[in-house]
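Read off the chains here:
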There are 2 protein chains.
Amino acid sequence: MTERRPTPDGVSAAAGRLTGHVTPTPLLPAKWRGRRFLIKAECLQQGGSFKLRGAMNRLLRLSEEERRRGVVAFSSGNHAQGVAIAANRLGIEAVIVMPADAPAVKREATAAAGASIVLYDRHRESREEIAARLAAERGSVLVPSFDDVDVIEGQGSVGIEIREQLGGAPDKVVVPCGGGGLSAGIALALPEAEIQIVEPAGWDDMARSLDLGRIVPVGDDPPDTRCDALQTKLVSPLTFEVLRAGGGRGMSVSESDVEEAMMFAMRHLRLVLEPGGAVALAAALTGAVGELTERSVVVVSGGNVDPLLYAGMLSRAGR
Amino acid sequence: MTERRPTPDGVSAAAGRLTGHVTPTPLLPAKWRGRRFLIKAECLQQGGSFKLRGAMNRLLRLSEEERRRGVVAFSSGNHAQGVAIAANRLGIEAVIVMPADAPAVKREATAAAGASIVLYDRHRESREEIAARLAAERGSVLVPSFDDVDVIEGQGSVGIEIREQLGGAPDKVVVPCGGGGLSAGIALALPEAEIQIVEPAGWDDMARSLDLGRIVPVGDDPPDTRCDALQTKLVSPLTFEVLRAGGGRGMSVSESDVEEAMMFAMRHLRLVLEPGGAVALAAALTGAVGELTERSVVVVSGGNVDPLLYAGMLSRAGR
């Protein structure tokens, strides 16, 4: 039996399946140093990030029997909220394994959506093992944050929406990348577009993997980053293969580039972005992405930022 | 000759005229204490408020000759940006009369859109007189911020969009009110809906006027408010009559209610709101608006807030 792989048709089907279950997010015009481009504001998705799309698509495909046994997921926060909201909406029990140092806003919102939370020590324990054990004990389906065909195809509905809103394919899409679920889904939805993925400096394993033509992990001692949503140490063959086949290429941005992008979004777009959600915009503002046109789309993928961290950035920027 | 008045047909025509000139803004689901309702995120409009709609509608109706002579407007900031952006887009010169103490973000953005700015002292000079003199000198058309049929009908396109997005009329619309242009426009677009207008405490002249059945001004010594966008001391017969005929009623909210609404929007909607843009949401969160359903719409009308003011609120809220 051949392993199922994410496909353009699967993404189209996911987009149809998700209608009414996710919020269509706007395509907003932006301008910076005379260059005009478009922002896909996925931070306005329910749960504050695109993650509801993939989680909901996965959960909508569960059998009745699977729904009864509940789901388990592990996540630093955004996928946690996506799964929690989707499960709550469909009347499915959800247990989420989260690092003890995940932003409080993300833990609180996940709990508020009705999920049970199991915390673990990110430095000493393996969330994969904890989640696998919980799933086995409960007979639950494990919902991965990116290494899953249905999750990737669900995230790709962002690309289908972009095509509808633009009345055609964009010339370029710049996307934040953690495990690559969002970027791979969009690449499948928009094969005509150039796909550029952006990661935090020192966490650019997808960019390096695409350069090398094979998957390499993040280095042994990656730098601290405020992009908690993108701290993925190893991408998946599923996402990597889609991006590689589509000619995707990657780049990285500094923490200060990210902070500037968050402030740009606050002042000029009136959008609250979290650091990980702002990396593609950061690359657009530094010019690292090259030419941008009125048919180029920069995805801002999440907005779950700690209010005090945000206040500190605003104070520095306003001085 | 009968004076022209804003009409439902005029609003529909304006919505058609504005297609491609303004950004369709999303209708986002919100939940508070178990109540679900919808947010019309007009802070995502170009220029950071709904004001582009009315300004653009007015400017699109100028003759070639009028376009050549330019336009003049007075505004504390949001209408200024709306006129500046619309004029720039249509190749029309714009002079904007702004109070010297208008938020720096609004002055800068107005200038960045290419308008000339004339500052005046809000406590000693009359902006109406300054603007009228400038318009007379230059032979320019004055674009009022709310006392104008085309401006009101343009703002009403928000209501047409809501109807399209909902697939029908909402049961209730809660709207911030300064001069009443936005709320009157929406009332014309959505005659089936209950319209509730919200003003800052001590600035609730429209609410009192609707109660009394005749226009009364703001009291002599109104309190300080951070809702600079809503500091209108006297509404217009044009807007008042529409709201009165539609059975609109009003209420007011405190400065602390407004601050809480801004923080709610930051955390749960990932939207940056300015104080004046958050008053309707504030009334929704306090419960003052009464019942809200999944077909009730709360308009958040602007997001041009000073970053340091915003940082201060976030710091207080995060403590």
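Above this note sits the structure.
So, here is what we can say about the structure in this document. These numbers were taken from a predicted model, which means no experiment stands behind them.

### Regarding the relation of the copies chain B and chain A
Moving on, step 1. Once chain B is rotated about the relating axis by 180° and shifted along it by 0.0 Å, it coincides with chain A to within an RMSD of 0.0 Å. Put plainly, the chains are arranged around a two-fold axis. When C-alpha distances to the rotation axis are compared across chain B, the minimum falls at B:Ala311, with a value of 2.2 Å.
Moving on, step 2. Residue by residue, 100% of the interface of chain B is reproduced at the interface of chain A, so both copies engage with the same surface.

### What to know about the interface of chain B and chain A
Moving on, step 1. With 30 residues of chain B at the interface, the matching set in chain A holds 30 residues.
Moving on, step 2. Between chain B and chain A the total buried area reaches about 2400 Å² when both faces are included, carbon and sulfur atoms providing 66% of it.
Moving on, step 3. At the junction of chain B and chain A, the tally comes to two salt bridges.
Moving on, step 4. Summed over the shared surface of chain B and chain A, the result is four residue pairs in polar contact (both at pLDDT 80 or more).
Moving on, step 5. Counting only elements with at least two residues in the side of chain B that touches chain A, the list comes to strand E1 (27-32), helix H5 (104-112), helix H12 (255-269) and helix H14 (307-318) of chain B.
Moving on, step 6. Looking at which element gives the most residues to the side of chain B that touches chain A, the answer is H14(B), with seven residues.
Moving on, step 7. Split into classes, the residues belonging to the side of chain B that touches chain A amount to 17 nonpolar, 10 polar and three charged.

### Regarding the packing of helix H4 (residues 78-90) of chain B against H5(B)
Residue and element names in this part refer to chain B.
Moving on, step 1. Two elements in contact, H4 and H5, have axes whose closest approach is 8 Å; the angle formed by their N-to-C orientations is 10°. Comparing the axis directions of H4 and H5 gives the class roughly parallel. Listed contacts from H5 to Asn78, Ala80, Gln81 and Ala84 of H4 are Lys106, Ala109 and Thr110.
Moving on, step 2. For the contact of H4 with H5, the residue count by class is three nonpolar, three polar and one charged.

### Some points on the side chain of A:Glu42
Residue and element names in this part refer to chain A.
Moving on, step 1. Inspection of the secondary structure puts Glu42 in the loop between strand E2 (35-41) and helix H2 (51-60).
Moving on, step 2. A relative accessible area of 0% means that Glu42 is categorised as buried.
Moving on, step 3. Engagement of the side chain of Glu42 in a polar contact is seen with the side chain of Thr25, the distance being 2.7 Å.
Moving on, step 4. When neighbours within four sequence positions are excluded, Glu42 is seen to be in contact with Thr25, Gly48, Ser49, Phe50, Arg53, Val158, Val300 and Ser301.

### Points about the pattern of salt bridges
Moving on, step 1. Under the definition given, this model contains 48 salt bridges over all chains.
Moving on, step 2. With a shortest N-O distance of 2.5 Å, B:Glu42 and B:Arg53 are connected by a salt bridge. With a gap of 11 residues between them, B:Glu42 in the loop between strand E2 (35-41) and helix H2 (51-60) and B:Arg53 in helix H2 connect regions that are remote in the sequence. Neither residue differs from the other here; B:Glu42 and B:Arg53 are each classed as buried.
Moving on, step 3. Taken together, the shared-partner salt bridges connect A:Arg4, A:Arg58, A:Arg61, A:Asp148, A:Asp150 and A:Glu153 into one network.

### Thoughts on the sheet that holds strand E4 (residues 94-99) of chain B
The strands that make up a sheet are held in pairs by hydrogen bonds between backbone atoms, and each pair lies either parallel or antiparallel.
Residue and element names in this part refer to chain B.
Moving on, step 1. The sheet built from four strands is open, its strands ordered E5-E4-E3-E6 with parallel pairing. Both edges of this open sheet fall to strand E5 (116-120) and strand E6 (141-142), since each of them pairs with a single strand only.
Moving on, step 2. Two strands pair when backbone bridges link them, and E4 and E5 are joined in this way by five bridges, in the parallel orientation. When the sheet's bridge partners are listed, Val95 is paired in E5 with Ser116.
Moving on, step 3. Running at roughly 170° to E4, H4 makes contact with strand E3 (71-74) and E4 of the sheet.

Calculation notes
- Residues numbered from 1 in each chain as written.
- Chains lettered and ligands numbered in written order.
- Predicted model: local features only at pLDDT ≥ 70, side-chain atom pairs only at ≥ 80, totals over all residues.
- Heavy atoms only, no water.
- Least-squares fit on C-alpha atoms with pLDDT ≥ 70 in both.
- Contact = heavy atoms within 4.5 Å.
- Buried area = accessible area lost by both parts, 1.4 Å probe.
- Salt bridge = Lys/Arg side-chain N within 4 Å of Asp/Glu carboxyl O.
- Polar contact = N/O pair within 3.5 Å; in protein donor to acceptor, adjacent residues only side chain to side chain.
- Helix = DSSP H or I, 4+ residues; strand = E, 2+ residues; numbered from the N terminus.
- Nonpolar A, V, L, I, M, F, W, Y, C, P; charged D, E, K, R; others polar.
- Axes fitted to C-alpha atoms, helices over the stretch in contact; angles between N-to-C directions.
- Parallel < 35°, antiparallel > 145°, perpendicular 65-115°, else oblique.
- Buried < 20%, exposed > 50% of the residue type's maximum accessible area, 1.4 Å probe, protein only.
- Pairing = 2+ DSSP bridges.

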